[in-house]
Amino acid sequence: MKRNVAGLVIVFVGAATVQLAVSNTYLRYVKPGMRWMLLAAGLILIALAVADVLMDTRKKNPEEEGHDHSGDDGHGHNGLPKAAWLLLIPIFALLVVDPPALGASAAARQSPVASKPIQPKSNSWLADNPQGGPVNLAVRDYAVWAVWEKESMKGRSFSLTGFVTPAKNGNWYVTRMGLTCCVADATAFMVEARGQAAPPRNQWVTVTGEWAEPSKREDGDVAALTIDSVKTVTAPNNPYE
Amino acid sequence: MSAPADVAEKAEKPPKEPAGTSIAFTATLILLVALALFGRRIFAGAFTDEGVRTWATMFVGVTVQALPFLVLGVLLSAALTAFVPASFFAKALPKHPAFAVPVAAASGVILPGCECASVPVSAALMARGVTPAAAIAFLLSAPAINPVVLASTAVAFPGQPKVVIARAVASIAISMILGWLWLLTGKGSDWLKIPKNRHAEGTPKFEVFRSSMLHDFLHAGGFLVVGAAAAATLNVVVPRAWLDHVASNLLLSVLVLGLLAVLLAICSEADAFVAASLTQFSLTARLAFMVVGPIVDVKLIALQAGTFGPKFAVRFAPATFVVAILASLLVGWWLL
């Protein structure tokens, strides 16, 4: 790869990284904490490319005829790795495919069974919420607690926000993906929605309803909610939990 | 994907300075700007399949996650190349390679990053004359035993400090064993492409820094893209449900979680949380997941093949995997 082309590719990679961080698009792919690292990485790359071009032009002018320079030119400039062209693929993907946040297709590939928590959570939050009014809860918490801490959840009503993952026989799940690092390790947290017809696939909804006895499956129990109302909402800024 | 391939063809034409340079430059610039402005309209309807879009999300996700660490890695490795004199390493490490290995393995504690950062840094160490055995020990230990990784393991396994200890012990043991294994079998062979110091003596330091960072980033970045594509593909293709069928058998479950770590290519700072969520498995199997992940996975194999040569990577990755599985079994039996 030629040196100036390499500089161009690096500027685009850097600019794309900065753009991701500035526009909140990065939340589709990684955790919110990565923002500053992405910003820093992008700016470093841009600075690297700009410094390279500046130093190169400054060096070129006085030494135009020097044989020392042309020798260096042959190695340094044409010797840059061809593998660098591959960096254009993620740029292409970002500019053209514009990959969305993970949705129903990724969730449907995982089991809706929530694994047993390592430590029992304290349920003090339930005491803080007066009996009666629906409690706002993260889908990932409800999916675990509705199965593993049944006793305290029984008879209470909850409000969950997630997207719709349709299943067999007209069943559907209110779903939220949980990230620990990036989308490669995304885990689906799914709550079976009972008593209401399924909204369209991937639609974001806020559902309100009462705790229900978990469904039995071969590989474990799945949290369920008997739903009173379904409200369609816009996707939240950070689609993951 | 056809557009970048086009460009690659253009670039491979024999260099014709300076006209060739400016043609390649202009073509790339036009292509990139055109993609940015009209890309979505031109390819509207081409990438609508949900599976393809999920793949693209995974691919971009792995790349975006690894990029800052890669930049940190090439920054450090360029700094090592440019500003730390070769004599420093000669003084810091014991003369005899067999003793240099444990010292290098222990010094992995100081590089706070995930595995993408350690490949360029250990390449720079080799280029600075550090014996390959010691650089290999550092390559394997740095992503596994640095404070960030150990802290995240402690958070993921609350109340179980033995998991953190087991992880550190197993990872250090593996890096030393592979360093020594290199001394026994690899020394003198031509598998390992030792990265050369490309700079003549007396080149200004900043110049060396700038150009090695540029070179390393382009090189490692390209291979990172290959690894990210492989990880995304496996992520989309391998269903997670098959895991549940093997959890009961200890040997099988250790092997399967080891293999899963290779395929998923999860960053070493996060793998503890994923391991913690695999509650149907024994602690030993989950230890194998955390021990294998930072030292051999599809993204790393691609990076290592690019940096140290494919001949090295095809021998090193299986050897590392086998040693890691054995070490996890042994340490798991002993400590967990």
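These numbers come from a predicted model, not from an experiment.

Caption draft 1: Representation of the overall build of chain B. Of regular secondary structure, chain B possesses 15 helices and zero strands. Considering chain B as a whole, with its 336 residues, one finds that 51% of them fall into the buried category. For chain B, contacts bridging at least 24 residues in sequence account for 85% of all contacts bridging at least 6.

Caption draft 2: Region of interest: the UniProt feature "transmembrane region" (unreviewed entry) in chain B. Residue and element names in this part refer to chain B. The positions that UniProt labels "transmembrane region" (unreviewed entry) are, in the present scheme, residues 23-43, 55-84, 133-157, 164-183, 217-238, 250-266 and 312-335. For residues 55-84, the helix share is 97%, the strand share is 0%, and the end-to-end C-alpha distance is 42 Å. As annotated, residues 133-157 has a helix share of 92% and a strand share of 0%, and its two end C-alpha atoms lie 33 Å apart.

Caption draft 3: Representation of the nonpolar core in the model. In this structure, Val 191 of chain A together with Ala 137 of chain B are the most contacted members of the largest nonpolar core, which totals 195 residues. Looking at this core, the element that brings in the most residues is helix 3 (residues 50-83) of chain B, giving 18 residues. Ignoring any residue separated from it by four or fewer positions in sequence, one finds Val 191 of chain A in contact with Val 139, Tyr 142, Ala 143, Leu 160, Tyr 173, Val 174, Ala 223, Ala 224 and Leu 225 of chain A.

Caption draft 4: Quick peek at the interface of chain B and chain A. Counting residues at the interface gives 70 residues for chain B, matched by 64 residues for chain A. Mapped by element, the contributors of at least two residues to the side of chain B that touches chain A are helix 1 (2-12), helix 2 (19-42), helix 3, helix 10 (205-237) and helix 12 (271-277) of chain B. Element by element, the count of residues in the side of chain B that touches chain A is highest for helix 3 of chain B, at 18 residues. Along the lines of polarity and charge, the residues of the side of chain B that touches chain A split into 44 nonpolar, 19 polar and seven charged.

Caption draft 5: Local environment of the environment of Ile 145 of chain B. Secondary-structure assignment places Ile 145 of chain B in helix 7 (residues 132-145). If we skip the residues at most four places from it in the chain, Ile 145 of chain B touches Gly 108, Val 109, Leu 150, Ala 168, Ser 171 and Ile 172 of chain B.

Caption draft 6: A look at the pairing of strand 6 (residues 220-232) of chain A. Residues and elements named next belong to chain A. Relative to strand 6, strand 4 (residues 187-194) runs parallel, the two being bridged by three bridges. In the strand pairing of strand 6, Ala 193 is matched with Leu 225. Bridging between strand 5 (residues 204-217) and strand 6 involves 11 bridges; their strand directions are antiparallel. Paired with Glu 210 across the strands is Thr 226, a residue of strand 6. Linking two consecutive strands that pair antiparallel, namely strand 5 and strand 6, is a turn of two residues.

Caption draft 7: Geometry of the environment of Thr 57 of chain A. Summarising the element assignment, Thr 57 of chain A is placed in helix 2 (residues 35-60). Separated by 180 residues in sequence, Thr 57 of chain A and Asn 237 of chain A place their C-alpha atoms 44 Å apart.

Caption draft 8: Structural view of the pairing of strand 2 (residues 157-166) of chain A. Residues and elements named next belong to chain A. In this sheet, strand 2 lies alongside strand 1 (residues 135-136) in parallel orientation, the contact comprising two bridges. What sits directly across from Val 135, in strand 2, is Phe 158. Two strands pair when backbone bridges link them, and strand 2 and strand 5 are joined in this way by seven bridges, in the antiparallel orientation. Bridge pairing links Phe 163 to Trp 204 in strand 5.

Caption draft 9: Highlighting unusual backbone geometry. Residue and element names in this part refer to chain A. Positive phi, close to 50°, is recorded for Asp 98, a residue that is not glycine. With respect to the secondary-structure elements, Asp 98 resides in the loop between helix 4 (88-97) and helix 5 (104-107). Asp 98 gets classed as partly exposed once you count the C-beta atoms within 10 Å, which come to 17. The phi dihedral of Asn 202 is positive, around 70°, even though this residue is not glycine.

Caption draft 10: Broad picture of helix 15 (residues 310-335) of chain B. Residues and elements named next belong to chain B. A rise of 1.5 Å per residue sets the reference length of helix 15, with its 26 residues, at 38 Å; its end C-alpha atoms lie 36 Å apart and thus fit the reference within 8%. Along helix 15, the residues that are buried comprise Phe 312, Ala 313, Phe 316, Thr 320, Val 323, Ala 324, Ile 325, Ala 327, Ser 328, Val 331 and Gly 332. The inward-facing, buried residues of helix 15 abut helix 9 (161-186), helix 11 (250-264), helix 13 (283-292) and helix 14 (298-308).

Caption draft 11: Region of the structure containing the packing of helix 1 (residues 3-23) of chain A against helix 4 of chain A. All names here are of chain A. Where helix 1 meets helix 4, the axes come as close as 10 Å, and the angle between the chain directions of the two elements is 45°. Classified by the angle their axes make, helix 1 and helix 4 are oblique. For the pair helix 1 and helix 4, the sense of crossing is left-handed. Contacts between helix 1 and helix 4 pair Val 9, Phe 12, Val 13 and Ala 16 from the former with Leu 88, Ile 91 and Leu 94 from the latter. Residues of the contact of helix 1 with helix 4, tallied by class, amount to seven nonpolar, no polar and no charged.

Caption draft 12: Up close: the packing of helix 5 (residues 97-106) of chain B against helix 9 of chain B. Residue and element names in this part refer to chain B. The geometry of helix 5 relative to helix 9 is characterised by a closest axis approach of 9 Å and an angle of 155° between their N-to-C directions. With respect to helix 9, the axis of helix 5 lies roughly antiparallel. Considering how the two elements wind past one another, helix 5 and helix 9 form a crossing that is right-handed. Taken together, the residues of helix 9 that come into contact with helix 5 (itself represented by Pro 97, Ala 98, Val 101, Pro 102, Ala 104 and Ala 105) are Ile 172, Ser 175, Met 176, Gly 179, Trp 180 and Leu 183. Residues that form the contact of helix 5 with helix 9 fall into these classes: 10 nonpolar, two polar and no charged.

Each value, and the rule that gives it
Residues numbered from 1 in each chain as written. Chains lettered and ligands numbered in written order. Predicted model: local features only at pLDDT ≥ 70, side-chain atom pairs only at ≥ 80, totals over all residues. Helix = DSSP H or I, 4+ residues; strand = E, 2+ residues; numbered from the N terminus. Buried ≥ 20, exposed ≤ 12 C-beta atoms within 10 Å, placed from the backbone. Contact = placed C-beta atoms within 7 Å. UniProt positions renumbered as here; feature names shortened; annotations may be inferred. Core = buried A, V, L, I, M, F, W, Y, C linked by C-beta atoms within 7 Å. Nonpolar A, V, L, I, M, F, W, Y, C, P; charged D, E, K, R; others polar. Pairing = 2+ DSSP bridges. Expected span 1.5 Å × (residues − 1). Axes fitted to C-alpha atoms, helices over the stretch in contact; angles between N-to-C directions. Parallel < 35°, antiparallel > 145°, perpendicular 65-115°, else oblique. Left-handed = near helix turned anticlockwise from the far one by under 90°.

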